[in-house]
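# Breakdown of the fold
Single-letter residue listing:
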Amino acid sequence: PFAVFALVIGVYELHRRRDLGSWLAYGPALVSGFLPTLAVVLITDALPIRRVLLIVAGVLTVAIGSVRRQKAPVVVGSVVTAVTTLHELLRLSTMLPWWVLLLVFGAAGALLISLGATYEKRRKTFTQWRGALNRFR
């Protein structure tokens, strides 16, 4: 509940005050949203669905942060994804089935690669349009 409340307040404040950084707007919500689940996954023998959803949520946070060009979601999502993935790869006794790992990591990799590729294409198109507009009188 606190994470949702902090996220709503952060979005409101970011729209109201454009000079506010993403760490102040989204940082408390992201940390309070991810930290309890990350602690449960690292300390206890969490259910496989919880571990998979944590990785998926981390990747989606990175994707949303990169599209919106905000530092806090990219950093927090990357740390959560990396820590959870490393923890999952080191747990040989209760590791997820190989096909689940392949599916999750493959989908995450494809999403992040497509975001990077389309970002470069959008940036190039924007530069071309800006150059054309600058040539106008």
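Residues numbered from 1 in each chain as written. Predicted model: local features only at pLDDT ≥ 70, side-chain atom pairs only at ≥ 80, totals over all residues. Heavy atoms only, no water.

Attention now moves to a nonpolar patch on the surface. Together, W23, L42, I43, V75, V79 and V83 give the surface a local cluster of nonpolar side chains, amounting to about 520 Å² of exposed area. Elements supplying a minimum of two residues to the nonpolar patch: α2 (22-43) and α4 (71-90). Here V83 is to be found in helix α4. A relative accessible area of 32% means that V83 is categorised as partly exposed. (Patch = residues over 30% accessible without salt bridge, like charges linked within 9 Å, V, L, I, M, F, W, Y side chains within 5 Å. Areas by Shrake-Rupley, 256 points an atom, 1.4 Å probe, with all protein chains shown as cover. Salt bridge = Lys/Arg side-chain N within 4 Å of Asp/Glu carboxyl O. Helix = DSSP H or I, 4+ residues; strand = E, 2+ residues; numbered from the N terminus. Buried < 20%, exposed > 50% of the residue type's maximum accessible area, 1.4 Å probe, protein only.)

Here the focus is unusual backbone geometry. Not every positive phi belongs to a glycine, and R69 is a case in point at roughly 55 degrees. On the secondary structure map, R69 appears in the loop between α3 (48-67) and α4.

Within the element layout of this structure, T85 appears in helix α4. A residue is classified by how much of its surface remains accessible, and T85, at 16% relative accessible area, is buried. On a C-alpha basis, the gap between T85 and V52 in space is 9.3 Å, while along the polypeptide they are 33 residues apart. Polar side-chain contacts of T85 include one of 2.6 Å to the backbone oxygen of T81. (Polar contact = N/O pair within 3.5 Å; in protein donor to acceptor, adjacent residues only side chain to side chain.)

Glancing now at the nonpolar core. Counting 13 residues, the largest nonpolar core has L30, F34 and L54 as its most contacted members. Counting residues per element, the ones that place at least two in this core are α2 and α4. (Core = buried A, V, L, I, M, F, W, Y, C linked by side-chain atoms within 4.5 Å.)

In this section: the packing of α2 against α3. In the contact formed by α2 and α3, the axes pass within 10 Å of each other and the chain directions differ by 150 degrees. Classified by the angle between their axes, α2 and α3 sit roughly antiparallel to one another. Seen from above, α2 lies across α3 with left-handed handedness. Residues L30, F34, T37, L38, V40 and V41 of α2 pack against R50, R51, L54, A57, G58 and T61 of α3. When grouped by side-chain class, the residues that make up the contact of α2 with α3 number seven nonpolar, three polar and two charged. (Axes fitted to C-alpha atoms, helices over the stretch in contact; angles between N-to-C directions. Parallel < 35°, antiparallel > 145°, perpendicular 65-115°, else oblique. Left-handed = near helix turned anticlockwise from the far one by under 90°. Contact = heavy atoms within 4.5 Å. Nonpolar A, V, L, I, M, F, W, Y, C, P; charged D, E, K, R; others polar.)

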